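# An overview of the molecular structure
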Protein chains: 2
Amino acid sequence: MAHSTLLPGVDSTQTQPTWQSVAGMIDHTLLKPEATQVQVIHLCEEAVAYNFACAFVHQTWAALAVSIVRGSGVKVGVPAGFPQGASLTSVKRFEAEEALRIGVSEVDMVLNIGALKSGDRNLVQSDISGVAQVVHDNGGILKVILETSLLTLDEKLVACQLAVAAGADFVKTSTGFAGGGATVDDIALMRGVVGERLGVKASGGVRIAADALAMIQAGANRIGTSAGVAIVRDLGAPLITEPVHVSGY
Amino acid sequence: MAHSTLLPGVDSTQTQPTWQSVAGMIDHTLLKPEATQVQVIHLCEEAVAYNFACAFVHQTWAALAVSIVRGSGVKVGVPAGFPQGASLTSVKRFEAEEALRIGVSEVDMVLNIGALKSGDRNLVQSDISGVAQVVHDNGGILKVILETSLLTLDEKLVACQLAVAAGADFVKTSTGFAGGGATVDDIALMRGVVGERLGVKASGGVRIAADALAMIQAGANRIGTSAGVAIVRDLGAPLITEPVHVSGY
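The following paragraphs examine the structure supplied in this document. (Residues numbered from 1 in each chain as written. Chains lettered and ligands numbered in written order. Predicted model: local features only at pLDDT ≥ 70, side-chain atom pairs only at ≥ 80, totals over all residues. Heavy atoms only, no water.)

## Here's the deal with the overall build of chain A
We count it as follows: Strands are runs of DSSP state E lasting at least 2 residues, helices are runs of H or I lasting at least 4, and numbering of each runs from the N terminus. Two things to know: the radius of gyration comes from C-alpha atoms, and the globule rule equals 2.2 Å times the number of residues to the power 0.38. Throughout this description, buried means an accessible area under 20% of the type-specific maximum (1.4 Å probe, protein chains only), exposed means over 50%, and partly exposed covers the range between. Whether two residues are in contact is decided by their heavy atoms: any pair within 4.5 Å suffices. For the purpose of counting charges, residues Lys and Arg are taken to be positive, whereas Asp and Glu are taken to be negative. His and the chain ends are not included. To locate a charge, the coordinates of NZ of Lys, CZ of Arg, CG of Asp or CD of Glu are taken.
When helices and strands are counted, chain A shows 10 helices and 8 strands. In terms of overall size, chain A behaves like a compact globule, its C-alpha atoms giving a radius of gyration of 17 Å where 249 residues would be expected to give roughly 18 Å. Overall size of chain A, expressed as C-alpha extent along the three principal axes, is 50 × 40 × 30 Å. Relative to its full complement of 249 residues, chain A shows a buried share of 59%. Partitioning the contacts of chain A with sequence separation of at least 6, the portion at a separation of at least 24 is 65%. Counting 17 positive and 23 negative side-chain charges, chain A places the centres of these two groups 2 Å from one another.

## Describing the pairing of strand β7 (residues 199–203) of chain A
All names here are of chain A. The test is simple: Strands are treated as partners if at least two bridges between them are detected by DSSP.
Across the 5 residues of β7, 5 count as buried, placing the element largely inside the fold. Here β7 shows no split at all, with G199, K201 and S203 on one side and V200 and A202 on the other all buried. In the sheet, strand β6 (residues 170–172) pairs with β7 via 3 bridges, with the strands oriented parallel. For F170, the partnering residue across the bridge sits in β7 and is G199.

## With respect to the relation of the copies chain A and chain B
This is how it is decided: We place the copies in one frame by least squares, fitting the C-alpha atoms of every residue whose pLDDT is at least 70 in both.
Its rotation angle being 180 degrees, the transformation that places chain A on chain B also includes 0.0 Å of axial translation and leaves an RMSD of 0.0 Å. With respect to symmetry, the two chain copies, as superposed, fit the operation of a two-fold axis. Take the interface residues of chain A: 100% of them recur as interface residues in chain B, which is what a same-surface contact looks like.

## Here's the deal with the interface of chain A and chain B
Rules: The buried area of a pairing is the accessible area, by a 1.4 Å probe, that goes missing from both parts when the two are put together, added over both. One side-chain nitrogen of Lys or Arg within 4 Å of one carboxyl oxygen of Asp or Glu is enough to make a salt bridge. Side-chain atoms alone can form a polar contact between residues adjacent in sequence; in general such a contact is a pair of N or O atoms within 3.5 Å, and within protein one must be able to donate a hydrogen while the other accepts it. In this count, Pro and Cys sit with the nonpolar residues alongside Ala, Val, Leu, Ile, Met, Phe, Trp and Tyr, while Asp, Glu, Lys and Arg are called charged and the others, Gly among them, polar.
Facing the 31 residues of chain A at the interface are 31 residues of chain B. Taking both sides of the interface into account, the surface hidden between chain A and chain B amounts to around 2600 Å²; carbon and sulfur atoms contribute 64%. Counting every contact that joins chain A to chain B gives 0 salt bridges. The tally of links from chain A across to chain B stands at 14 residue pairs in polar contact (both at pLDDT 80 or more). Of all the secondary-structure elements, those providing two or more residues to the side of chain A that touches chain B are α4 (89–102) and α5 (113–117) of chain A. Looking at the side of chain A that touches chain B residue by residue, the classes come out as 16 nonpolar, 11 polar and 4 charged.

## What about the sheet that holds strand β7 (residues 199–203) of chain B?
Residue and element names in this part refer to chain B. Basically, it comes down to this: Lines are fitted to the C-alpha atoms to define the axes, a helix being fitted only along its stretch in contact, and any angle between axes, read from their N-to-C directions, falls within 0 to 180 degrees.
Spatially, 8 strands are ordered β1-β2-β3-β4-β5-β6-β7-β8 in a closed barrel, and the strand pairing comes out parallel. Strand-to-strand, the axes of this sheet are offset by a mean angle of 25 degrees, without reference to chain direction. Set on the sheet, helix α4 (residues 89–102) makes contact with β3 (75–80) and β4 (106–110); between it and β3 the angle comes to about 160 degrees.

## Re helix α7 (residues 153–166) of chain A
Given 3.6 residues per turn, any residue in an α-helix points the same way as the ones three and four places further on. Residues and elements named next belong to chain A. To keep things clear, this is the line we draw: Expected helix span is taken as 1.5 Å per residue step, with the number of steps being one fewer than the number of residues.
In this model α7 runs 20 Å from its N-terminal to its C-terminal C-alpha over 14 residues, within 8% of the 20 Å that 1.5 Å per residue would give. The complete set of buried residues in α7 reads E155, K156, V158, A159, C160, L162, A163, V164 and A166. As for α7, its buried residues are in contact with α5, α6 (121–137), β5 (141–145), β6 and α8 (184–194).

## Some remarks on the sheet that holds β7 of chain A
All names here are of chain A. Strand order in the closed barrel formed by 8 strands is β1-β2-β3-β4-β5-β6-β7-β8, with parallel pairing between adjacent strands. Across this sheet, the average inter-strand angle for adjacent strands is 25 degrees, counted without regard to direction. Bridging between strand β3 (residues 75–80) and strand β4 (residues 106–110) involves 4 bridges; their strand directions are parallel. Note on β4: the bridge partner recorded for V78 is V107. Across the sheet, α4 lies against β3 and β4, angled at about 160 degrees from β3, the strand it touches most. Along the sheet, α6 contacts β4 and β5; its crossing angle with β5, the most-contacted strand, is approximately 155 degrees.

## Describing unusual backbone geometry
Residues and elements named next belong to chain A. Geometrically, the link from F82 to P83 is a cis peptide bond, its omega value of 0 degrees lying close to zero. Summarising the element assignment, P83 is placed in the loop between β3 and α4. The backbone of E147 sits at a positive phi, close to 55 degrees, despite the residue not being glycine. Relative to the helices and strands, E147 resides in the loop between β5 and α7.

## Comments concerning helix α3 (residues 62–69) of chain B
All names here are of chain B. Among the 8 residues of α3, 7 are classified as buried, and the element is accordingly described as predominantly covered. For α3, the complete set of buried residues consists of A62, L64, A65, V66, S67, I68 and V69. For α3, the elements touching its buried residues are α2 (37–50), β2 (54–57), β3 and α4.

## Points about the pattern of salt bridges
Side chains that carry opposite charge are capable of pairing whenever their charged atoms lie near each other. Residue and element names in this part refer to chain A. Scanning the entire structure with this criterion turns up 24 salt bridges over all chains. A salt bridge links D127 to K92; the nearest nitrogen and oxygen atoms lie 2.6 Å apart. In this pair, D127 sits in helix α6 while K92 sits in helix α4, placing the two residues 35 residues apart along the sequence. Judged on exposure class, the residue D127 and its partner K92 are both buried. One network of salt bridges, in which partners are shared, links D27, E106, D108, K143, K172, K201 and R222.

## Some details on the packing of helix α8 (residues 184–194) of chain B against helix α9 (residues 209–218) of chain B
All names here are of chain B. The following threshold applies: Here roughly perpendicular refers to angles of 65 to 115 degrees, roughly parallel to angles under 35, roughly antiparallel to angles over 145, and oblique to all remaining angles. If you view the pair so one helix is near and one far, a crossing is left-handed when the near helix is turned anticlockwise from the far one by less than a right angle, and right-handed when it is turned clockwise.
As a packed pair, α8 and α9 sit with axes 8 Å apart at the nearest point and diverge in direction by 25 degrees. The angle between α8 and α9 places the two elements in the roughly parallel class. Every pair of crossing elements has a handedness; the one defined by α8 and α9 is right-handed. Contact residues: α8 offers V184, I187, A188 and R191, while α9 offers A214, M215 and A218. Tallied by class, residues from the contact of α8 with α9 come to 6 nonpolar, no polar and 1 charged.

Structural measurements only, silent on function.
Dropping the structure here:
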């Protein structure tokens with residue numbers, strides 16, 4: 001480590017952020033439907049070892065993940081209405097409530113893509129605000145996945161505006177399951193619309209450090225990726241080979 | 001129509017089923033997340049025109065679909081825990097309850113694939129039986145999607161056994177969103193395990209009449225496809241060009 005500080009945060013003497021500051025922006029993610037318990041445990045242990053922002057897993061693994069990261073600064077995140085966004089608002093709210101009850105801190109919901117494409121902005125906004133209400137009432141953070149690869153430029157703009165109006169905390173590019181992922185152009189556009197009011201999460205196809213840095217440079221302050229360890233290792237993080245058992249799990 | 005009868009049901013004087021009998025096995029399906037209201041209306045009108053078994057749409061369109069098919073013999077089906085199966089049982093139950101309350105008759109849930117691969121058969125079974133209870137209490141039909149493309153041969157066998165034990169009404173091959181779809185071999189295997197106790201639904205990649213007939217020959221008694229009109233047209237159905245407005249929608 002050539003950096004003058006080991007504290008997380010962008011090192012102002014360098015153009016490249018420290019690995020710790022990048023780690024603090026990463027949602028360490030495993031959302032393959034066929035992911036096993038062993039893989040989820042491993043993911044959560046890595047999240048603690050490298051101090052990632054979140055261990056991001058499916059709802060069925062949320063209680064397990066919460067038990068593993070307990071006592072570390074790492075949060076657990078889950079998706080809702082994932083990955084198609086076409087469930088009822090009541091269902092997305094219930095998903096969020098159940099997750100927060102278990103100890104999850106962050107919920108990434110997919111917006112109602114079909115409603116957006118049908119011109120029903122009221123439904124898109126009320127869908128988001130309905131979930132935002134339950135998430136915020138329970139002290140959580142709500143990210144809204146636009147699924148940019150399915151949207152036109154106008155739809156991306158409108159989606160960002162509706163997410164702001166609905167009280168979301170982040171806009172996010174992609175689920176990773178609809179073809180296409182985060183692009184620098186989309187991140188810049190999203191940051192341009194939301195300004196400093198919301199966070200911007202780049203997700204889908206972010207696999208190497210150069211990708212992550214480009215997204216951050218374009219305005220992302222959160223990165224969703226399954227390659228978090230490789231990314232921070234590329235930026236100088238040590239290899240942590242032993243599993244870390246934080247809780248009594 | 002060269003057949004001696006126009007009534008639905010397999011014509012015993014022919015080796016090939018009538019188009020009507022095939023139509024009566026088709027879940028006419030539109031699950032693209034970007035599907036619009038106009039496309040959903042069109043799908044439902046086609047389902048009524050050709051007397052398909054179900055109009056199969058996302059939850060967000062369920063109320064609309066129910067309003068369109070009302071008065072016809074066509075049912076509305078929706079997915080739950082779709083397409084990854086990794087949500088909580090409580091969420092899948094809530095999704096089913098909400099859908100049935102709206103007037104949906106059939107619910108296709110994705111089993112907990114990660115739990116199956118982690119050896120947690122109890123969770124897989126209780127997940128299905130929990131949803132089956134709500135669905136049956138409300139007079140509905142429950143199909144269980146195995147997502148065969150992600151499973152080993154042993155996992156497919158176990159999944160069918162658990163679906164039987166849990167009281168499901170159908171086993172079903174695929175979501176159509178995980179790569180791979182229905183195969184004749186999988187249908188034969190599934191029918192072999194469930195016998196006459198459950199139905200078998202072939203879904204994913206069934207695009208032409210020959211596919212559908214091969215699936216039926218192998219043991220399927222329901223076909224999930226977005227190509228229902230092309231399939232029954234291939235089997236002799238007339239072209240119905242005018243939209244059919246059944247209800248006052």
